[in-house]
Amino acid sequence: MKKRERFKRVINFFEGFVILAIHVLIFAYVWYGCYVKQLENPFSRRGDWAVIGLYGLTLFLFTNLYGGFKIGYLRLMDVLYSQILALVGANVFAYLQIVIVSRHYLSATPLLMMSLGQVAAMLLWVFICKLIYAALYPPRQMLLVCHDRVPDDMIAKMSSRQDKYEICDIADLNEEPLDSVCDMVENYEAVLIYDIPAYERNIILKRCFAESVRTYVTPKISDILLRGSDNIHLFDTPLYLSRNKGLSGDQIIFKRLLDLAICIPVAIILMPMFLIIALMIKLYDGGPVLYHQPRLTIDNKVFNIYKFRSMCIDSEKNGAQLAKKNDDRVTPIGRVLRALHFDEFPQLINIIKGDMSLVGPRPERPIIAQQYKEVIPEFDFRLKVKAGLTGYAQVYGKYNTTPYDKLKLDLTYIENYSFWLDVKLLLLTIKILFQKDNTEGIDANQITAMKRRDE
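Residues numbered from 1 in each chain as written. Predicted model: local features only at pLDDT ≥ 70, side-chain atom pairs only at ≥ 80, totals over all residues. Heavy atoms only, no water.

**Student:** Tell me about the overall build of the protein chain, and name the residues and values.
**Tutor:** Within the protein chain, the regular secondary structure consists of 17 helices and ten strands. Split into buried and exposed, the 455 residues of the protein chain put 44% on the buried side. Residue pairs in contact within the protein chain that sit at least 24 positions apart in sequence constitute 72% of those at least 6 positions apart. If you average the places of the 55 positive and of the 48 negative side-chain charges in the protein chain, the two averages end up 7 Å apart. (Helix = DSSP H or I, 4+ residues; strand = E, 2+ residues; numbered from the N terminus. Buried < 20%, exposed > 50% of the residue type's maximum accessible area, 1.4 Å probe, protein only. Contact = heavy atoms within 4.5 Å. Lys, Arg positive; Asp, Glu negative; His and termini not counted. Charge placed at Lys NZ, Arg CZ, Asp CG, Glu CD.)

**Student:** Tell me about the environment of Lys130, and please be specific about residues and values.
**Tutor:** Secondary-structure assignment places Lys130 in helix α5 (residues 109-136). Residue Lys130 is classed as buried on the basis of its relative accessible area of 17%. On a C-alpha basis, the gap between Lys130 and His233 in space is 45 Å, while along the polypeptide they are 103 residues apart. Residues contacting Lys130, with those up to four places away along its chain left out, are Ile71, Leu74, Leu76, Arg161 and Asp163. From its side chain, Lys130 meets the backbone oxygen of Leu74 in a polar contact 3.5 Å long. (Polar contact = N/O pair within 3.5 Å; in protein donor to acceptor, adjacent residues only side chain to side chain.)

**Student:** Break down the nonpolar core for me, with residues and values.
**Tutor:** Counting 76 residues, the largest nonpolar core has Phe27, Trp31, Tyr55 and Tyr413 as its most contacted members. Ranked by residues supplied to this core, first place goes to helix α2 (residues 8-35) with nine residues. In contact with Tyr413, other than residues within four places in its own chain, are Lys255, Val359, Gly360, Val385, Tyr392, Leu421, Asp422 and Leu425. Counting 16 residues, the second largest nonpolar core, distinct from the first, contains Leu178, Val181, Met184 and Val213. (Core = buried A, V, L, I, M, F, W, Y, C linked by side-chain atoms within 4.5 Å.)

**Student:** Before we move on, could you go through the sheet that holds strand β3 (residues 190-193) and cite the residues and values that matter?
**Tutor:** One open sheet holds the four strands; their spatial order is β2-β1-β3-β4, and the pairing between them is parallel. Here the strands that pair on one side only, and so sit at the sheet edges, are β2 (165-172) and β4 (214-217). Across the sheet, the mean angle separating the axes of adjacent strands is 25° when strand polarity is ignored. Across seven bridges, the pairing between strand β1 (residues 140-146) and β2 is parallel. Looking across to β2, one finds that Cys146 is bridged to Asp172. Contacts between helix α6 (residues 152-159) and the sheet are confined to β1, β2 and β3, with β2 contributing the most and set at about 165° to the helix. (Pairing = 2+ DSSP bridges. Axes fitted to C-alpha atoms, helices over the stretch in contact; angles between N-to-C directions.)

**Student:** Explain helix α7 (residues 178-185) residue by residue, including any values.
**Tutor:** Of all the positions in α7, only Leu178, Val181, Cys182, Met184 and Val185 are classed as buried. The buried side chains of α7 occupy one side of the element, clustering within an arc of 155° when seen end-on. In this fold, the buried residues of α7 make contact with β1, β2, β3 and α8 (198-210). (Arc of directions from axis to C-beta.)

**Student:** Explain unusual backbone geometry to me, and be specific about the residues and the numbers.
**Tutor:** Although it is not a glycine, Asp195 adopts a positive phi angle of roughly 50°. Residue placement: Asp195 occurs in the loop between β3 and α8.

**Student:** If you had to explain the pattern of salt bridges to someone new, which residues and values would you point to?
**Tutor:** Across all of its chains, the model carries 19 salt bridges by this definition. Across the pair Lys130 and Asp163 runs a salt bridge whose closest N-O atoms are separated by 3.8 Å. Of this pair, Lys130 sits in helix α5 while Asp163 is found in the loop between α6 and β2, placing the two residues 33 residues apart along the sequence. Residue classification places Asp163 among the partly exposed residues on the basis of a relative accessible area of 38%. The salt bridge involving Glu211 is made with Arg207; its shortest N-O contact spans 3.5 Å. (Salt bridge = Lys/Arg side-chain N within 4 Å of Asp/Glu carboxyl O.)

**Student:** Describe the confidence of the model for the protein chain, listing the residues and the values that go with them.
**Tutor:** In this model, the protein chain carries a mean pLDDT of 87, and residues with pLDDT of at least 70 account for 91%. Put simply, helix α1 (residues 2-5) is where the protein chain has its lowest mean pLDDT, 63, and strand β9 (residues 357-359) is where it has its highest, 96. (pLDDT = per-residue confidence, 0-100.)

**Student:** How would you summarise the pairing of strand β7 (residues 290-296) if you had to cite specific residues and measurements?
**Tutor:** Two elements, β7 and strand β8 (residues 302-308), share seven bridges in a ladder whose sense is antiparallel. What sits directly across from Leu290, in β8, is Phe308. Here β7 hands over to β8 after five residues, with Asp299 in that stretch at a positive phi of 60°.

**Student:** Requested: an account of empty space enclosed by the protein, with residues and values cited.
**Tutor:** Scanning all chains against the criterion turns up two cavities of 30 Å³ or more. Computed from the structure, the largest cavity encloses a volume of approximately 40 Å³. Lining the largest cavity are Ile19, Leu20, His23, Leu59, Thr63, Phe69, Gln83, Ala86 and Leu87. For the lining of the largest cavity, the secondary-structure elements that each account for two or more residues are α2, α3 (45-66) and α4 (76-102). Of the residues that constitute the lining of the largest cavity, the class distribution is six nonpolar, three polar and no charged. For the second largest cavity, the calculated volume is near 40 Å³. Along the walls of the second largest cavity sit Leu296, Glu364, Ala369, Phe379, Asp380, Arg382 and Leu383, which together make up its complete lining. Of the residues belonging to the lining of the second largest cavity, the class tally is four nonpolar, no polar and three charged. (1 Å grid on protein atoms, 1.4 Å probe; cavity = no way out; pocket = protein on both sides within 12 Å on 5 of 7 lines; lining within 4 Å. Points joined across faces, edges and corners; volume = space filled by probe spheres on them. Nonpolar A, V, L, I, M, F, W, Y, C, P; charged D, E, K, R; others polar.)

**Student:** How would you summarise the packing of aromatic side chains if you had to cite specific residues and measurements?
**Tutor:** Counted according to the given criterion, the structure contains 14 aromatic pairs. Aromatic pair Phe62 and Tyr66: ring centres 6.3 Å apart, planes at 20°, arrangement stacked. Placement of both Phe62 and Tyr66 in helix α3 is noted, with a separation of four residues, approximately one turn of the helix. A relative accessible area of 4% places Tyr66 in the buried class. Centroid distance Tyr133 to Tyr137: 5.7 Å. Interplanar angle 40°. Geometry classified as tilted. The same class applies to Tyr133 as to Tyr137, namely buried. Each residue in the set Phe274, Phe308, Phe342 and Phe345 is aromatic and connected to the rest through ring pairs, giving one cluster. Directly above the ring of Tyr73 sits Lys8, whose terminal nitrogen or CZ lies 5.1 Å from the centroid. (Phe/Tyr/Trp six-rings, centres within 6.5 Å; stacked < 30°, edge-to-face > 60°. Lys NZ or Arg CZ within 6 Å of the ring centre and 35° of its normal.)

Set out below in structure tokens:
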């Protein structure tokens, strides 16, 4: 197994190269067969190659961004969804490119037919690749090491990928001596270290390294802060520098310019849709169109966030609580708005005003944040930057991701911030818009992600 593991990346590269080459060849066929003859001033051979090469580069970038090359890593449906999304993006870009070079509108029918052919080829190839992976790489036999935190949630997550992981044994450091756990390591293909104290973790990590055993570790908050630090060389001793001040002045300026450059045009374009949604909400029950409530942003500042009202008028008569799965407080119109994320549109006003940014930690209600801080004192670390319409935790987490894990994801964003990370997260937000698990509420017996009704 370990020898085959060395060639996993090679196999993955080959699979990605083949499907990319197939898509580019199909585009080349359509370009030469349908569009070249319609050009008033046809390109030279090099010009045609440039058009085809640009298409290949665009498709590669979209596919890589959305994870479409991770055939042996993601679920089959996730890979297919990612590749289809990449095809849509690349083919729309290709049509715009064709219109520009031809200087007038040409029929998009050949590209639509091309897309259908590409999807068919993709479905066949991805299915073949999954069979290859299943044959070469059976589920990895794993040992889970835990301490005080109950590992049930982590086990459930790993079990959702039975094609990749199989937790065969659990070692609880409250019950097993550290030396015994270290001796168990060599009997497994991988070890999952689940939130254990730093001293014990370091010893197990070194033992796994010595035995060449793959190791998965759930990071602590301090790990994320260190990971985002700068590696400096002032002396002959390695130093990590964590500035711990949020964004720098130039980053704040460019981030604000990106917010305004996107939000102002989008708000103008979507204004007719805003009016239609407002009318539908008003006609349904005569209540207010907009819903506003206090939320927290940078430096613990409180602002009023705006949303299209998606719940009944007296939805919080029993106090503040997050949306639940199949929440009966949500109106029929609100259910549609939530599924399409249209209820979030009025937050463009908050962004233009400067209360929020396009990308950042989602703003929490002060009363709920206070409840989280009772258990997670570091929860305010998220407030080093402005709250966002979308964020790292929204792209890589879910609506019902635990506050502790959301904090880790938000800190990962803050500590690794860059202008291009914002652009990447905005593009990835398109991918998650129609994925159900990213809008699924908390359990029905909960009020917040941590507080149950019976507490």
